[in-house]
Amino acid sequence: MDQPVKSGSGGPPGARVPGRAWLMLALATVGFAVNFWAWALLSPLAPRFKDDLGLSSFEQSLLVAVPVVVGSLGRIPVGALTDRYGGRLMFPLVSGATVVPVLYLGLAGHASFAALLVGGFFLGIGGTAFAVGVPFVNAWFPPERRGLAIGVFGAGMGGTAISALTTVRLVDATTMPAPFLITAGVLVAYAVVAALLLRDAPGRTVPAEPLVRRLAATVRLPVTWQASALYAVAFGGYVAFSVYLPTYLRTGYGLTQADAANRMAGFVLLAVAMRPVGGWLSDRLGPVRVLAGSLAVVVAGAVVQAFTPPLAPLGTVAFLSMAAALGAGSGATFALVALLTPAGRVGSVTGVVGAAGGLGGFLPPLVMGTLYGRYETYAAGLALLAVVAAAALVYTLTGVRAAVEGAGRPPTGPQRGHRAAGTTA
């Protein structure tokens, strides 16, 4: 069971947010962005590795998918460890550990497909930073501000845009090791700053039971599976596009590597900007409405793009609409987590939900690569996305809505006055 401690940030509804909470949010968001920057280093270079090493479409897809699946599964233990030890310890630890595979890939691990897979496997450590930040930020903010706060933190996923905008340019202007060495230096600097400045929220709930028991209790919570299903579609879709879009645009539309990477960065930046908007709207309208609207847009965008329309303007509109919807839906999913998760289990639930989101991004690149290799078209993969998003929409309007109402929360409107995740009530 959780150790009873006095409430800190989980105070009465409408309580003023201390200035230190915003500072901690800013530091956590920077840490998330830096680790995601490292996590996404291989994606922009995948077409180059395909040409240089003679990789098949499936091998290229596997190369960018391995860090995703490792980073996703790693969130489960990292989230539970953050519940126990706090973000003050875990952020510097994860950032420091990510330095090792980054340096390996930059200095020696890019010469063969096998070496890239090994480096990519351990590069997945950077992806676990998400499971550190959500419980850390959640504990600093009162219930009625958590949707916005976690949404702002989630904007750190824009670290993938940093990679998209800089990696190829740095390699072209200098040598292959350059982007990896720069990223490693930034990771080291952040780890030092985090160790010096990060503080866990006063009075945060600290679980007392062993890790395995906590994880077992976490998987029995209905919100764990509800949010996992939705996040696998929302964030999984974002991850899939962020790692595979350069390949899709280069193969399907004949764009240059640099142009494809720039367009992927635009997709990522819009999704990043919409994530806090999704959290903010969820604080006011409720996560069910925001999720339903987001998923409906994804369905429409995927159907349009399945016909491979001209990139200007219809294809661009379809992709950017999906980017905005996936970002908002990701923010709304964790507003749902903050609304329904019991105290002391936010990290554990975040780990499982984050893993589901990452795994949701692992399969589509492999499916897309396989389908294109066999049929030389991406239409079937995009049609499958439309079907999955439609199923998630139906589930949101039925099962998730019923869960919110059954917990005593209105499916729409602010959740003021209700107990929410991270309080000690």
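In short, a report on the structure. (Residues numbered from 1 in each chain as written. Predicted model: local features only at pLDDT ≥ 70, side-chain atom pairs only at ≥ 80, totals over all residues. Heavy atoms only, no water.)

Scanning the chain from N- to C-terminus turns up 17 helices and 0 strands. A compact globule built from 425 residues should have a C-alpha radius of gyration of about 22 Å, and the chain, at 20 Å, falls within 12% of that. With respect to the three principal axes, the spread of C-alpha positions in the chain is 60 × 45 × 35 Å. Within the chain, buried positions represent 59% of all 425 residues. Here the analysis covers contacts within the chain between residues at least 6 apart in sequence; of these, 86% occur between residues at least 24 apart. (Helix = DSSP H or I, 4+ residues; strand = E, 2+ residues; numbered from the N terminus. Rg over C-alpha atoms; globule rule 2.2 N^0.38 Å. Buried < 20%, exposed > 50% of the residue type's maximum accessible area, 1.4 Å probe, protein only. Contact = heavy atoms within 4.5 Å.)

Two numbers describe how helix H1 (residues 19-39) lies on helix H7 (residues 129-140): the axes approach to 10 Å, and their chain directions differ by 170 degrees. As judged from the angle between their axes, H1 and H7 are roughly antiparallel. Contact with H1, carried on its side by Arg20, Ala21, Met24, Leu25, Ala28, Phe32 and Asn35, involves Ala129, Phe130, Phe136, Val137 and Trp140 of H7 and no other residues of that element. Its residues assigned to classes, the contact of H1 with H7 shows 10 nonpolar, 1 polar and 1 charged. (Axes fitted to C-alpha atoms, helices over the stretch in contact; angles between N-to-C directions. Parallel < 35°, antiparallel > 145°, perpendicular 65-115°, else oblique. Nonpolar A, V, L, I, M, F, W, Y, C, P; charged D, E, K, R; others polar.)

With that out of the way, let us pick up the environment of Val387. On the secondary structure map, Val387 appears in helix H17 (residues 379-406). With a relative accessible area of 55%, Val387 lands in the exposed category. Taking the C-alpha atoms as reference points, Val387 and Ala302, 85 residues apart in sequence, are found 9.0 Å from one another.

Moving on: the packing of H1 against helix H10 (residues 177-197). Viewed as axis vectors pointing N to C, H1 and H10 meet at an angle of 155 degrees, and their least axial separation amounts to 10 Å. Overall, the two elements H1 and H10 adopt an arrangement that is roughly antiparallel. Seen from above, H1 lies across H10 with left-handed handedness. Facing Met24, Leu27, Ala28, Val30, Gly31, Val34, Asn35, Trp37 and Ala38 of H1, the residues of H10 in contact are Ile182, Thr183, Val186, Leu187, Tyr190, Val193 and Leu197. Split by residue class, the contact of H1 with H10 holds 13 nonpolar, 3 polar and no charged. (Left-handed = near helix turned anticlockwise from the far one by under 90°.)

Here the focus is a nonpolar patch on the surface. Taken together, Val188, Val192, Val193, Leu196 and Leu197 make up a surface patch of nonpolar side chains, about 420 Å² in accessible area. By secondary structure assignment, the location of Val193 is in helix H10. (Patch = residues over 30% accessible without salt bridge, like charges linked within 9 Å, V, L, I, M, F, W, Y side chains within 5 Å. Areas by Shrake-Rupley, 256 points an atom, 1.4 Å probe, with all protein chains shown as cover. Salt bridge = Lys/Arg side-chain N within 4 Å of Asp/Glu carboxyl O.)

Before going further, it helps to examine the packing of aromatic side chains. For the structure shown, the criterion picks out 20 aromatic pairs. Seen in terms of ring centroids, Phe121 and Phe122 are 5.1 Å apart; in terms of plane orientation they differ by 75 degrees. Their pairing is edge-to-face. When its relative accessible area of 42% is taken as the criterion, Phe121 is described as partly exposed. Ring centres of Phe241 and Phe267 lie 5.2 Å apart, and the angle between their planes is 50 degrees; on these two criteria the pair is classed as tilted. (Phe/Tyr/Trp six-rings, centres within 6.5 Å; stacked < 30°, edge-to-face > 60°.)

The biggest cluster of nonpolar side chains holds 100 residues, and the ones touching the most others in it are Val137, Phe153, Tyr238, Phe241 and Tyr248. Excluding anything up to four places from it in sequence, Val137 contacts Leu25, Ala28, Ala149, Ile150 and Phe153. Ala38, Leu63, Val168 and Val171 belong to the second-largest nonpolar core, a separate cluster that totals 21 residues. (Core = buried A, V, L, I, M, F, W, Y, C linked by side-chain atoms within 4.5 Å.)

From the geometry alone we can't say anything about function, so treat these as descriptive.
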